[in-house]
Amino acid sequence: MTVREPKTIIRNLFNKYAKMKDNVVYAEKLFVINTVINYVFRDSDQKPVNKSELMYYGEVIDRYLKNQLDIRWEADKLVISEFQYNGKNTGE
């Protein structure tokens, strides 16, 4: 697996998921995704990125984009919650 730079990941996601209308960019989920990617790469200049952690968060981001998960930050902790098929939150 090739580990890409965070900027490349965000740029690719932006190109795929951001929408423009009347010179306004709509990318509601990309802000949260950007914080997750920055979290995963937080020490990458000092040590290599843990590939299993990268794969895990890649799956989390994918499921977030498919509206299967909710991602939010609470007290500097990343909270990931699953949704049931009826759209209700099942918890963490």
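Just so you know, these numbers come straight off a predicted model, no measurement behind them.

A. Geometry of the overall build of the protein chain. Counting its secondary structure elements, the protein chain contains three helices and five strands. Along the protein chain, helices (α) and strands (β) appear in the sequence α-β-β-α-α-β-β-β when read from the amino end. The buried share of the protein chain, reckoned over its 92 residues, is 25%. Of the contacts formed within the protein chain by residues at least 6 apart in sequence, a portion of 34% connects residues at least 24 apart.

B. Examining unusual backbone geometry more closely. Phi is positive for N23, close to 65 degrees, though the residue is something other than glycine. Phi is positive for A75, which is not a glycine, with a value near 50 degrees. Tracing the backbone through its elements, the reader meets A75 in the loop between β3 (69–74) and β4 (77–83).

C. Representation of the packing of helix α2 (residues 30–40) against helix α3 (residues 51–65). The interhelical angle for the contact between α2 and α3, taken along N-to-C directions, is 175 degrees, at an axis separation of 11 Å. Taken together, the axes of α2 and α3 lie roughly antiparallel to each other. Facing α2, whose interface residues are V32, I33, V36, I37, Y39 and V40, α3 presents E53, L54, Y57, I61, Y64 and L65. Broken down by class, the residue content of the contact of α2 with α3 amounts to eleven nonpolar, no polar and one charged.

D. Summary view of the confidence of the model for the protein chain. Chain-level pLDDT for the protein chain is 81 on average; 86% of the residues reach the 70-or-more range. Averaged pLDDT values over the elements of the protein chain bottom out at 52 in strand β5 (residues 89–91) and peak at 92 in β3.

E. A nonpolar patch on the surface, seen in detail. Together, F14, M20 and V25 make up a nonpolar patch on the protein surface, roughly 290 Å² of accessible area in all. As for its placement among the helices and strands, F14 is situated in helix α1 (residues 6–17). The exposure class assigned to F14 is partly exposed, which follows from its relative accessible area of 36%.

F. Main features of the nonpolar core. With 19 residues, the main nonpolar core has I33, V36, V40 and I71 as its most contacted residues. Among the secondary structure elements, those contributing two or more residues to this core are α2, α3 and β3. Residues in contact with I71, not counting those within four places in the same chain, are V32, V36, V60, Y64, L78 and V79.

Rules used throughout
Residues numbered from 1 in each chain as written. Predicted model: local features only at pLDDT ≥ 70, side-chain atom pairs only at ≥ 80, totals over all residues. Heavy atoms only, no water. Helix = DSSP H or I, 4+ residues; strand = E, 2+ residues; numbered from the N terminus. Buried < 20%, exposed > 50% of the residue type's maximum accessible area, 1.4 Å probe, protein only. Contact = heavy atoms within 4.5 Å. Axes fitted to C-alpha atoms, helices over the stretch in contact; angles between N-to-C directions. Parallel < 35°, antiparallel > 145°, perpendicular 65-115°, else oblique. Nonpolar A, V, L, I, M, F, W, Y, C, P; charged D, E, K, R; others polar. pLDDT = per-residue confidence, 0-100. Patch = residues over 30% accessible without salt bridge, like charges linked within 9 Å, V, L, I, M, F, W, Y side chains within 5 Å. Areas by Shrake-Rupley, 256 points an atom, 1.4 Å probe, with all protein chains shown as cover. Salt bridge = Lys/Arg side-chain N within 4 Å of Asp/Glu carboxyl O. Core = buried A, V, L, I, M, F, W, Y, C linked by side-chain atoms within 4.5 Å.

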